[in-house]
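# Observations on chain architecture
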Amino acid sequence: MNYNGYVMEYINKYPLGEPIYIENLKEDLKKVFKNMNNTIFLHVNVILNRLIKTGVIKTFYKGIYYKPETNIFGEVLLDAYKVVEHKYLKDSNGDIKGYIYGAKLFNILGFTTQVPNILDIVTNECKNNNIYTNTNLNVTIRKPKIEITNDNYLYLQLLDILENRDKINIEVDNANEIVYHYIKSLNLDYKKILYYAKITNNMKAIQKLMEYTEV
């Protein structure tokens, strides 16, 4: 199979309305064609530009494309949250690599009716201690205190809730009940909460936990 055929096969395997990452395509090409070089990558870009011109794919923003789908109202734009999820929240195997924190999480849980413009995410994809903003997605990311896994992300998210409670304008009187329900509904283990608080050096969260669970 030549490069053109491989690119077409790669694009065709994606369902409509799903993000296609050119970075992933190029990584796959490197594995299949051992003699890949910059000239070939330029050829791949020519193929992609041809697909864009013919309407086979659309540009979400640089490096991310999608095959458009339509409904009775016309063409459906790519759901930005799918891109956020793929980039920051779950890996290609569906394993958790990030979670939402901050004002959006407090809104989801019912502490506040305010809906922030920016989505705050803690993710393994952030490789240093700086906080980065992706203006295309209205997302800020920061590095976790420890690596996020399927087993610990709910505990780390809870600790963030407890630690940042004073930074959010709480509009309800039952904040401690909400925290208590969060712990119980997710069947979180108090020993594990204490364990993760210790290894992330988050004693403030434990102080808050003692207050909030007294219901």
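Our structure is the block above this text.
I will try to describe carefully the structure that is included in this document. (Residues numbered from 1 in each chain as written. Predicted model: local features only at pLDDT ≥ 70, side-chain atom pairs only at ≥ 80, totals over all residues. Heavy atoms only, no water.)

## Quick word on the sheet that holds strand β2 (residues 58-61)
The antiparallel open sheet is built from three strands, whose spatial order is β1-β3-β2. In this open sheet, the two strands that pair with only one neighbour each are β1 (20-21) and β2. Sheet topology note: the β1/strand β3 (residues 64-66) ladder contains two bridges and is antiparallel. Each residue of the ladder has a partner; that of tyrosine 21, found in β3, is isoleucine 64. (Pairing = 2+ DSSP bridges. Helix = DSSP H or I, 4+ residues; strand = E, 2+ residues; numbered from the N terminus.)

## Overview of unusual backbone geometry
With a phi close to 55°, asparagine 187 is a non-glycine residue in the positive phi region. Relative to the assigned elements, asparagine 187 resides in the loop between α7 (175-185) and α8 (190-199). Note on asparagine 187: relative accessible area 67%, which makes it exposed. Located in the positive-phi region is asparagine 201, a residue other than glycine, with phi close to 55°. Among the secondary structure elements, asparagine 201 is positioned in the loop between α8 and α9 (203-212). (Buried < 20%, exposed > 50% of the residue type's maximum accessible area, 1.4 Å probe, protein only.)

## With respect to the packing of aromatic side chains
For the structure shown, the criterion picks out five aromatic pairs. On the basis of an interplanar angle of 50° and a centroid distance of 5.5 Å, the ring pair of tyrosine 10 and tyrosine 14 is categorised as tilted. Note on accessibility: tyrosine 10 and tyrosine 14 belong to one class, buried. Here tyrosine 155 and tyrosine 196 contribute two aromatic rings whose centre-to-centre distance is 5.5 Å and whose plane-to-plane angle is 35°, an arrangement assigned as tilted. (Phe/Tyr/Trp six-rings, centres within 6.5 Å; stacked < 30°, edge-to-face > 60°.)

## Looking at the nonpolar core
Ranked by size, the top nonpolar core spans 44 residues in total, and within it Val84, Phe111, Ile121, Val139, Leu158, Ile183 and Ile193 carry the most contacts. By size, the runner-up hydrophobic cluster in this structure holds 18 residues, among which are Val7, Val44, Ile47 and Leu48. (Core = buried A, V, L, I, M, F, W, Y, C linked by side-chain atoms within 4.5 Å.)

## Side note on the pattern of salt bridges
Side chains that differ in charge, positive against negative, can pair when their charged atoms come close. Overall, the coordinates contain six salt bridges when judged by the stated rule. Put simply, glutamate 18 and lysine 82 hold a salt bridge, and the shortest N to O gap is 3.0 Å. In this pair, glutamate 18 is assigned in the loop between α1 (3-12) and β1 and lysine 82 in helix α4 (residues 80-89), connecting sequence segments 64 residues apart. Under the relative-accessibility criterion, glutamate 18 is labelled partly exposed at 21%. Between glutamate 85 and lysine 90 there is a salt bridge whose closest N-O contact spans 3.9 Å. (Salt bridge = Lys/Arg side-chain N within 4 Å of Asp/Glu carboxyl O.)

Everything listed here is a matter of coordinates, which is why it stays silent on function.
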